[in-house]
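Inside the fold
What follows is the residue order along each chain.
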Protein chains: 2
Amino acid sequence: MLKLFHHPFSSASRFVRLMLAEHEAKVEMVVERPWERRPDFLALNPAATVPVMVENDGPPIVGPATIMEYVDETRGYALSDRRLMPNHPEARAEMRRLVDWFGHKMQDEVTQYFAMEKLLKLEIPASLGGGAPDNQVLRVARLNVKHHLRYIGWLAGTRNWLAGDRLTFADLAAAAELSVIDYLGEVPWDEDAHAKAWYARVKSRPSFRGLLQDKMPGLPANRIYADLDF
Amino acid sequence: MLKLFHHPFSSASRFVRLMLAEHEAKVEMVVERPWERRPDFLALNPAATVPVMVENDGPPIVGPATIMEYVDETRGYALSDRRLMPNHPEARAEMRRLVDWFGHKMQDEVTQYFAMEKLLKLEIPASLGGGAPDNQVLRVARLNVKHHLRYIGWLAGTRNWLAGDRLTFADLAAAAELSVIDYLGEVPWDEDAHAKAWYARVKSRPSFRGLLQDKMPGLPANRIYADLDF
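Here is what the cut-offs are and how they apply
Numbering of residues starts from 1 in each chain and follows the order in which that chain's sequence is written. Here the convention is simple: chains get letters from A, ligands get numbers from 1, in the order in which they are written. Totals for whole chains, interfaces and linings use all residues, but because this is a predicted model, local features are given only for residues with pLDDT of at least 70 and pairs of side-chain atoms are given and counted only at 80 or more. Side-chain numbers here rest on the full set of heavy atoms in the structure, without hydrogens or water. Contacts are assigned to residue pairs with any non-hydrogen atoms lying within 4.5 Å of each other. Accessible surface is computed with a 1.4 Å probe, and the buried area is the amount of it that two parts give up when combined, taken over both parts together. Any Lys or Arg side-chain nitrogen located within 4 Å of an Asp or Glu carboxyl oxygen qualifies as a salt bridge. Each polar contact in these results corresponds to two N or O atoms within 3.5 Å; when the atoms are within protein, one needs to be able to donate a hydrogen and the other to accept it, and residues that are neighboring in sequence are counted only if both atoms are side-chain atoms. The way it works is that DSSP assigns letters per residue, a run of H or I at least four long becomes a helix, a run of E at least two long becomes a strand, and they are numbered from the N terminus. Put simply, buried Ala, Val, Leu, Ile, Met, Phe, Trp, Tyr and Cys residues joined by side-chain atoms within 4.5 Å make one nonpolar core. Think of it in three bands: with a 1.4 Å probe and only protein chains considered, a residue is buried below 20% of the maximum accessible area for its type, exposed above 50%, and partly exposed in between. What fixes the domain bounds is an automatic or database domain assignment. Only C-alpha atoms enter the line fits that serve as axes; for helices the fit covers just the stretch in contact. Angles between N-to-C directions range over 0 to 180 degrees. An angle below 35 degrees is read as roughly parallel, one above 145 as roughly antiparallel, one from 65 to 115 as roughly perpendicular, and any other as oblique. Gly counts as polar in this scheme, as do all residues outside two lists: the nonpolar Ala, Val, Leu, Ile, Met, Phe, Trp, Tyr, Cys and Pro, and the charged Asp, Glu, Lys and Arg. Crossings are assigned a handedness: left-handed for a near helix turned anticlockwise from the far helix by less than a right angle, right-handed for a clockwise turn.

**A short note on the interface of chain B and chain A**
Contacts between the two partners involve 22 residues from chain B and, on the opposite side, 22 residues from chain A. Both faces combined, the contact of chain B with chain A buries some 1900 Å², and carbon together with sulfur accounts for 64% of it. In terms of surface lost to chain A, no three residues of chain B exceed Glu 73, Glu 90 and Arg 96 of chain B, which account for 24% of the buried area on that side. Connecting chain B to chain A are six salt bridges. The partner of Arg 96 of chain A in a salt bridge is Glu 69 of chain B, with the nearest N and O atoms 4.0 Å apart. Our enumeration of links across chain B and chain A arrives at five residue pairs in polar contact (both at pLDDT 80 or more). Breaking the side of chain B that touches chain A down by element, the ones donating at least two residues are β4 (61-62), α3 (64-75) and α4 (89-123) of chain B.

Written out as structure tokens, the structure is:
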């Protein structure tokens, strides 16, 4: 049995939820608020970040990219020609580059800003940095999201899926980032038709359903968030 | 033939140089100054970061963790029982966690500060942010390096190598970070005997020789930098 320590609005956690759903893996979900620095959680991951996954009595598998490799190594074969990891080392390298791009660059330049300012600050106590959003930060995020959407559109317009011919972990990583931003209505979909059409395809997958049901108390999702025909 | 776009004082680049040397791979080295945003380099990696590796006419392999997986997938078998990637998925996960810890957390909290303030600002033109070091940043780095050294010491004191019984990519990743800080004489070695003894073992490996010959014009290495018996 798998156990996932996650936060519903952590894009890295969402990436893992998507990959587990694609593999139809059963998983027990535990919501973790990393800012609480719960001692039992720090013992699993001294970096105090989500996601962390544990299989049975095994050691903690920490972080989205590490979990991705573990899930592929232990379950990828079962997907056979729908495996989310490409077959060739060069194609894998391109996929891993994109997973890193979305999980670090896009996360740092866009998602993290929106998530912290508009979502997490509602939940984090004022003594730990919660409170009103910083509009200056949001302005930067709104500028940066356009560049990232354009890059996704460029990839989607020149390839069948973001990393090549078939759906890979890279699509799930990108969609996880966008899904958090989309909850807030902050994705300028009209600016890139390729990106929008690609996201509609990913969002329609059964693996996406769990994400579309997430709710932040006090902040309902953007009108089109759960709409497959947005 | 492999070609590596790197910077001598980028710890991520050093990590890749170490792994290539461990595999005795022949590689053509190209020094890249990412802040110049050379168009040909941006075409290889739109994130404009080093390291980037190219094999023959293949596509760019971007970033240290992606290069690590590629090197293991294409050359790891040749090392047989000295392979730098553990055999079991759980052990691989622990190793990847540590590579991520050193390459992101330690990099962001320590190495990046020292490298930027004391080394790169000598080379970066003033118009792009070069100039005198910011002492406030250095104070933070000097505080943080102690925590990271202690964590390395804890790992080295409870295991044979950082990720377990044998030398893995995790040791090279950690040593790459420390090597940049050590060039500047900023590692408080006396504070952790386990960490020091472990680093002495890694530093004595033939794969380390190239790093110990690096020189920054105008800023000689710390006295003990190339000393194997420091």
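**Regarding the nonpolar core**
Ranked by internal contacts, the top residues of the largest apolar core, which has 67 residues, are Phe 102 and Trp 198 of chain B. Where this core is concerned, the elements lending two or more residues are β1 (2-6), α1 (11-22), α3, α4, α5 (135-158), α6 (169-183), α7 (193-203) and α8 (209-212) of chain B. Residue contributions to this core peak at eleven residues, all from α6 of chain B. Two domains each put at least three residues into this core: domain 1 (2-82) and domain 2 (89-212) of chain B. In this structure, Leu 4, Ile 61, Tyr 199 and Val 202 of chain A belong to the second largest nonpolar core, which totals 66 residues.

**A look at the side chain of Asn 144 of chain B**
Looking at the element boundaries, Asn 144 of chain B is found in helix α5. Not counting chain neighbours up to four residues away, the residues in contact with Asn 144 of chain B comprise Glu 109, Val 110 and Tyr 113 of chain B.

**Concerning the packing of α6 of chain B against α7 of chain B**
Residues and elements named next belong to chain B. Following both chains from N to C, one finds α6 and α7 inclined at 100 degrees, their axes separated by 10 Å at the closest point. By the angle class used here, α6 and α7 are roughly perpendicular. Facing Asp 171, Ala 174, Ala 175, Leu 178, Ser 179 and Asp 182 of α6, the residues of α7 in contact are Trp 198, Tyr 199, Val 202 and Lys 203. Broken down by class, the residue content of the contact of α6 with α7 amounts to six nonpolar, one polar and three charged.

**Examining the packing of helix α4 (residues 89-123) of chain A against α3 of chain B**
Orientation of α4 of chain A relative to α3 of chain B, taken along the N-to-C sense of each, is 165 degrees, at an axis distance of 9 Å. When the axes of α4 of chain A and α3 of chain B are compared, the pair comes out roughly antiparallel. Between α4 of chain A and α3 of chain B lies a crossing of right-handed hand. Contact with α4 of chain A, carried on its side by Pro 89, Glu 90, Arg 92, Ala 93, Arg 96 and Arg 97 of chain A, involves Thr 66, Glu 69, Tyr 70, Glu 73 and Thr 74 of chain B of α3 of chain B and no other residues of that element. Class assignment for the residues of the contact of α4 of chain A with α3 of chain B results in three nonpolar, two polar and six charged.

**Notes on the domain arrangement of chain A**
All names here are of chain A. By the assigned domains, chain A splits into domain 1 (2-82) and domain 2 (89-212). The gap between the C-alpha centroids of domain 1 and domain 2 is 19 Å. At the junction of the two partners, domain 1 supplies 17 residues and domain 2 supplies 27 residues. Interface area lost by domain 1 to domain 2 is led by Phe 9, Leu 18 and Trp 35, which between them contribute 34%. Counting the contacts that link domain 1 with domain 2 gives three salt bridges. Viewed at the interface, domain 2 and domain 1 are joined by eight residue pairs in polar contact (both at pLDDT 80 or more).

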